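Summary of the model geometry
The residues making up each chain are set out below.
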Amino acid sequence: KDPTMYLSVGSGMEVDCDLRFSKLLAADEPIFYDLYLRVDGGQLYPVPTRLLNLLVNGKRVNENSATRRSSDDDQLVRRFFTIDGMSGRAEGGEHPQVIRYVRKATLTVTLTSSEPERILPPVLDLEYNEVAVGVDTDSSTLVATPTWVPPSAKPRSSFLAVYTMQTDDLTFTITVLFAFAIV
């Protein structure tokens, strides 16, 4: 598979991979990234990032379920990390108690229905997961235990590129046509 396939408009793709605990354990300070879209003329447009499992006052503020579809009140950020072994350290701790990593990244590009050659600002959705870290008392080495699956399983990460079309105008048109057909 061509890893740049998602850069062609309309070409969605999904990539899954198993992560190695050794790579997660090697992560120290997080590296922060900023995602940009290069638009006509070479200008860079910052792509907003939505952290799906962001908790604010104990509530997931960016969870848009079937009952709450509106993303108008979502809290978006510009910077993100892929692996974080620093924030899971206890004060003065030698190694992290928890390592956070991107479990799922979805880049959504929405075409406008009125002008299909134009797009709305793309959004990167990120869902983080955690791996608990402990010390093997027999060998004094670090061991990682996923907090979300049996210990024998490997943590997974996935990237998904999705292209959709704005349907607000279409839904309104169908509703009006249906109303005229009934009358």
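The structure this text deals with has already been given above.
Residues numbered from 1 in each chain as written. Predicted model: local features only at pLDDT ≥ 70, side-chain atom pairs only at ≥ 80, totals over all residues. Heavy atoms only, no water.

**Quick look at the nonpolar core**
Core analysis: the largest hydrophobic core is formed by ten residues, namely Val47, Leu51, Phe80, Phe81, Val102, Ala105, Leu107, Leu124, Leu126 and Tyr128. Of all the secondary-structure elements, those providing two or more residues to this core are β9 (79-81), β11 (98-111) and β12 (123-136). Setting aside anything within four residues of it in sequence, one finds alanine 105 in contact with Leu124, Asp125, Leu126, Ser158, Phe159 and Leu160. The next biggest cluster of nonpolar side chains, apart from the first, holds six residues, and it includes Leu19, Leu24, Ile99 and Val131. (Core = buried A, V, L, I, M, F, W, Y, C linked by side-chain atoms within 4.5 Å. Buried < 20%, exposed > 50% of the residue type's maximum accessible area, 1.4 Å probe, protein only. Helix = DSSP H or I, 4+ residues; strand = E, 2+ residues; numbered from the N terminus. Contact = heavy atoms within 4.5 Å.)

**Let's talk about the side chain of serine 158**
Residue position: serine 158 is located in strand β14 (residues 156-165). Residue class for serine 158 comes out buried when judged on its relative accessible area of 13%.

**Details of unusual backbone geometry**
Here the phi dihedral of asparagine 57 falls at roughly 55 degrees; this positive angle occurs in a residue that is not glycine. By the element assignment, asparagine 57 lies in the loop between β6 (55-56) and β7 (59-60). The exposed category is assigned to asparagine 57, whose relative accessible area is 75%.

**Points about the pattern of salt bridges**
Side chains that differ in charge, positive against negative, can pair when their charged atoms come close. Scanning all chains against the criterion turns up six salt bridges. Arginine 156 is the salt-bridge partner of aspartate 18, the closest N and O atoms lying 2.5 Å from each other. Of this pair, aspartate 18 sits in strand β1 (residues 13-18) while arginine 156 sits in strand β14; the two residues are 138 residues apart in sequence, bridging distant segments of the chain. The class of aspartate 18 is partly exposed, set by a relative accessible area of 44%. Where salt bridges share partners, they join Arg50, Asp74 and Asp125 into one cluster. (Salt bridge = Lys/Arg side-chain N within 4 Å of Asp/Glu carboxyl O.)

**Points about the packing of aromatic side chains**
If you walk through the whole model with that rule in mind, you get three aromatic pairs. Each ring, one from phenylalanine 32 and one from phenylalanine 81, has its centre 6.1 Å from the other, and the planes form 85 degrees; the classification is edge-to-face. Placement of the pair is phenylalanine 32 in strand β2 (residues 32-34) and phenylalanine 81 in strand β9, with a sequence separation of 49 residues. In this structure phenylalanine 81 comes out as buried when scored by relative accessible area, which is 13%. Arranged with centres 4.5 Å apart and planes meeting at 25 degrees, the rings of phenylalanine 81 and tyrosine 128 form a pair that is stacked. Remark: tyrosine 128 occurs in strand β12 and phenylalanine 81 occurs in strand β9; sequence separation between them is 47 residues. A relative accessible area of 13% means that tyrosine 128 is categorised as buried. Aromatic rings pair up to connect Phe32, Phe81 and Tyr128 into one cluster. (Phe/Tyr/Trp six-rings, centres within 6.5 Å; stacked < 30°, edge-to-face > 60°.)

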